[in-house]
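Listed below are the residues making up each chain.
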Amino acid sequence: MTTTNDAQAGKVVYSALKPTGELTLGNYIGALKTMAALTQRHPCYYTVADLHALTVDNVPAELRRRSLDFAALFIAAGLSPDRATIFIQSHVRQHAELAWALNCYTQFGEARRMTQFKDKSAKAPQNVNVGLFAYPTLMAADILLYQADYVPVGKDQQQHVELARTVAERFNNRYSPTFTLPECLFPKEGGAKIYSLTEPTGKMGKTESDENGTVFLLDTEDAVMKKFKRAVTDSDGEIRFDRANKPGVSNLLTIYSALSGKTVGEAEAALAGAGYAALKETVGQCVAAALRPIQDTYKTLIADKTGLETILKEGAQKASYAAAKTLNKVYKKVGLLQL
Ligand code: TYM
């Protein structure tokens, strides 16, 4: 498993988050935190994946509001626009165009095997649209347009990134080297999958039904503390990492480790014998302290809509330049007439 520590400086990084639901602690630990760290040593392209959001039901005004909100939270979480190219996916038309071409180099059977497609179809059987099925090829287009070497994501996106790699490899073999083959970068110490606080065997998600299980980046300190206080643990009282038998406690240790910079082993040692009430209090405080500066910066950014829009326009311009280069190559190689 490749983690940020192994990433070779200078290599291109791409990642995106989809503006459905509000950003969570899972998104932060699984993706945003790593994405922020990578801006120090890599050219980075970071996107609000609004086209992907169309695959589920949306209220249009809310999607617009959320797209801007996500961009503000990206920056507040440390994705500095001075070091990274930050933009909205639909503002760079090449994403949709390359996605169409890649659809024609992706097998139906490959897309059908995607776990997220199966899960999402089962959850919303009234809206199993073709976009949901083609979701991974749009993701592949996102990544491949920028010739990305690394894609920092949580575990749930691994299968999609692997499909992007397969499709890129197929295209390169059929024509000539065109795309860089991307690989996932995961956070250390289990942060690639943060679980729900109330059902610690399932993922902490933006759109899960139980809001008490999910910490949102914009939750108040009071809400954060309440959610941790109610976190499900077990009855043996021992603070020890054991994913199979103690999922709740293990999840709390993972969260604490990700935000305190301690390894899980060090976290275990620091909290051994403290009791579950103290464990929940410590982790809750640690999360609240991590969210405070993000929320403060977010408030300043979102109050200056024009400033934010300028950042996004510049980001889209810069991204379009790189994206056009790749798309032109692809169109030429596959035989589309150019005048
Ligand atoms: P999305 O918006 O569902 O999630 C954004 C990122 O957060 C990670 N993540 C988690 N990590 C750890 N624990 C969790 N509980 C947790 N929940 C979410 C996800 O793995 C992801 O990294 N399809 C993507 C967005 C996308 C994309 C891309 C990603 C579009 N194009 C190209 C990478 C490259 C998605 O819906 O992520």
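For clarity, every value in this text was computed on a predicted model and none was experimentally measured. (Residues numbered from 1 in each chain as written. Predicted model: local features only at pLDDT ≥ 70, side-chain atom pairs only at ≥ 80, totals over all residues. Heavy atoms only, no water.)

With that settled, the discussion passes to the overall build of the chain. Looking only at helices and strands, one finds 13 helices and five strands in the chain. A compact globule built from 339 residues should have a C-alpha radius of gyration of about 20 Å, and the chain, at 20 Å, falls within 12% of that. On the principal axes, the C-alpha backbone points of the chain span a range of 70 × 45 × 45 Å. Across the 339 residues of the chain, 53% fall into the buried class. Expressed as a percentage of contacts within the chain between residues at least 6 apart in sequence, the contacts between residues at least 24 apart total 77%. A total accessible area of about 15,400 Å² is found for the chain, and carbon and sulfur atoms account for 52% of it. Side chains of the chain carry 40 positive and 35 negative charges; the gap between the two charge centres is 6 Å. (Helix = DSSP H or I, 4+ residues; strand = E, 2+ residues; numbered from the N terminus. Rg over C-alpha atoms; globule rule 2.2 N^0.38 Å. Buried < 20%, exposed > 50% of the residue type's maximum accessible area, 1.4 Å probe, protein only. Contact = heavy atoms within 4.5 Å. Areas by Shrake-Rupley, 256 points an atom, 1.4 Å probe, with all protein chains shown as cover. Lys, Arg positive; Asp, Glu negative; His and termini not counted. Charge placed at Lys NZ, Arg CZ, Asp CG, Glu CD.)

Turning our attention to the side chain of Thr214. On the secondary structure map, Thr214 appears in the loop between β5 (183–185) and α9 (221–229). A distance of 3.3 Å separates the side chain of Thr214 from the backbone oxygen of Gly205, its partner in a polar contact. (Polar contact = N/O pair within 3.5 Å; in protein donor to acceptor, adjacent residues only side chain to side chain.)

Ranked by size, the top nonpolar core spans 60 residues in total, and within it Leu32, Tyr46, Phe228, Ile255 and Val287 carry the most contacts. If one sorts the elements of this core by residue count, helix α12 (residues 276–303) sits on top with ten residues. Here this core gathers at least three residues from each of two domains, domain 1 (2–186 + 304–334) and domain 2 (211–299). Ranked by size, the runner-up nonpolar core spans 43 residues in total, among them Ala101, Leu102, Leu132 and Ala168. (Core = buried A, V, L, I, M, F, W, Y, C linked by side-chain atoms within 4.5 Å. Domains from an automatic or database assignment.)

A word on unusual backbone geometry. Notably, Gln147 is not glycine yet its phi reads approximately 55°, a positive angle. The residue Glu189 is not glycine, and still its phi comes out positive at about 55°. With respect to the element layout, Glu189 can be found in the loop between β5 and α9. A relative accessible area of 38% means that Glu189 is categorised as partly exposed.

Let us now look at the packing of aromatic side chains. Aromatic rings considered in pairs are described by the distance between their centres and by the relative angle of their planes. Evaluation of the coordinates by the stated rule reveals nine aromatic pairs. Seen from their ring centres, Phe171 and Phe179 are 5.2 Å apart, and the 55° between their planes marks the pair as tilted. Exposure remark for Phe171: the relative accessible area of 1% places this residue in the buried category. Taken together, Tyr14, Tyr45, Phe87 and Tyr146 form an aromatic cluster joined through their ring pairs. The side chain of Lys155 reaches across the aromatic face of Phe186, ending 4.6 Å from its centre. (Phe/Tyr/Trp six-rings, centres within 6.5 Å; stacked < 30°, edge-to-face > 60°. Lys NZ or Arg CZ within 6 Å of the ring centre and 35° of its normal.)

Neighbouring the ligand are 27 residues; Tyr135, Asp142, Asp156, Ile194 and Lys206 lie closest to it. Within the side chain of Asn27, an N or O atom sits 3.0 Å from an oxygen atom of the ligand. In the environment of the ligand, an oxygen atom lies 2.5 Å from a nitrogen or oxygen atom belonging to the side chain of Lys206. Relative to its unbound accessible area of 710 Å², the ligand is 98% covered by the protein chains. For the shell around the ligand, the secondary structure elements donating two or more residues are β1 (13–17), α1 (25–38) and α7 (130–145). In the shell around the ligand, the residues fall into 13 nonpolar, eight polar and six charged. (Near = heavy atom within 4 Å. Nonpolar A, V, L, I, M, F, W, Y, C, P; charged D, E, K, R; others polar.)

The next thing to look at is the packing of helix α10 (residues 247–260) against helix α11 (residues 264–271). The relative placement of two packed helices is expressed as an angle between their axes plus a distance between the axes. Packing of α10 against α11 leaves a shortest axis separation of 9 Å and a crossing angle of 110°. One element, α10, and the other, α11, form an angle in the roughly perpendicular class. Contacts between α10 and α11 involve Leu253, Thr254, Tyr256 and Ser257 from the first element and Val264, Ala267, Glu268 and Leu271 from the second. Looking at side-chain class alone, the contact of α10 with α11 contains five nonpolar, two polar and one charged residues. (Axes fitted to C-alpha atoms, helices over the stretch in contact; angles between N-to-C directions. Parallel < 35°, antiparallel > 145°, perpendicular 65-115°, else oblique.)

For Lys206, the position within the fold is in the loop between β5 and α9. There is no salt bridge for the buried Lys206, and the closest opposite charge comes from Asp156, which lies 7.8 Å off by N-O distance. Only 3.0 Å separates the side chain of Lys206 from the backbone oxygen of Lys18, close enough to count as a polar contact. Among all residues touching Lys206, those that are not within four sequence positions of it are Lys18, Thr20, Gly21, Glu22, Leu23, Thr24, Asn27, Phe70 and Phe216. (Salt bridge = Lys/Arg side-chain N within 4 Å of Asp/Glu carboxyl O.)

Attention now moves to the domain arrangement of the chain. Under the domain assignment used here, the chain contains domain 1 (2–186 + 304–334) and domain 2 (211–299). Taken over C-alpha atoms, the centre of domain 1 sits 29 Å from the centre of domain 2. Each partner contributes residues to the interface: domain 1 has 13 residues there, and domain 2 has 13 residues. When the area that domain 1 buries against domain 2 is broken down by residue, the three leading residues are Leu25, Leu73 and Ala76, summing to 42%. At the boundary of domain 1 and domain 2, one finds zero salt bridges. At the boundary of domain 1 with domain 2, the tally comes to four residue pairs in polar contact (both at pLDDT 80 or more). Sorting the residues of the side of domain 1 that touches domain 2 by element identifies α1 and α3 (60–76) as the ones contributing at least two each. Among the elements that take part in the side of domain 1 that touches domain 2, α1 stands out by supplying five residues, more than any other. A per-class count over the side of domain 1 that touches domain 2 returns nine nonpolar, one polar and three charged. (Buried area = accessible area lost by both parts, 1.4 Å probe.)

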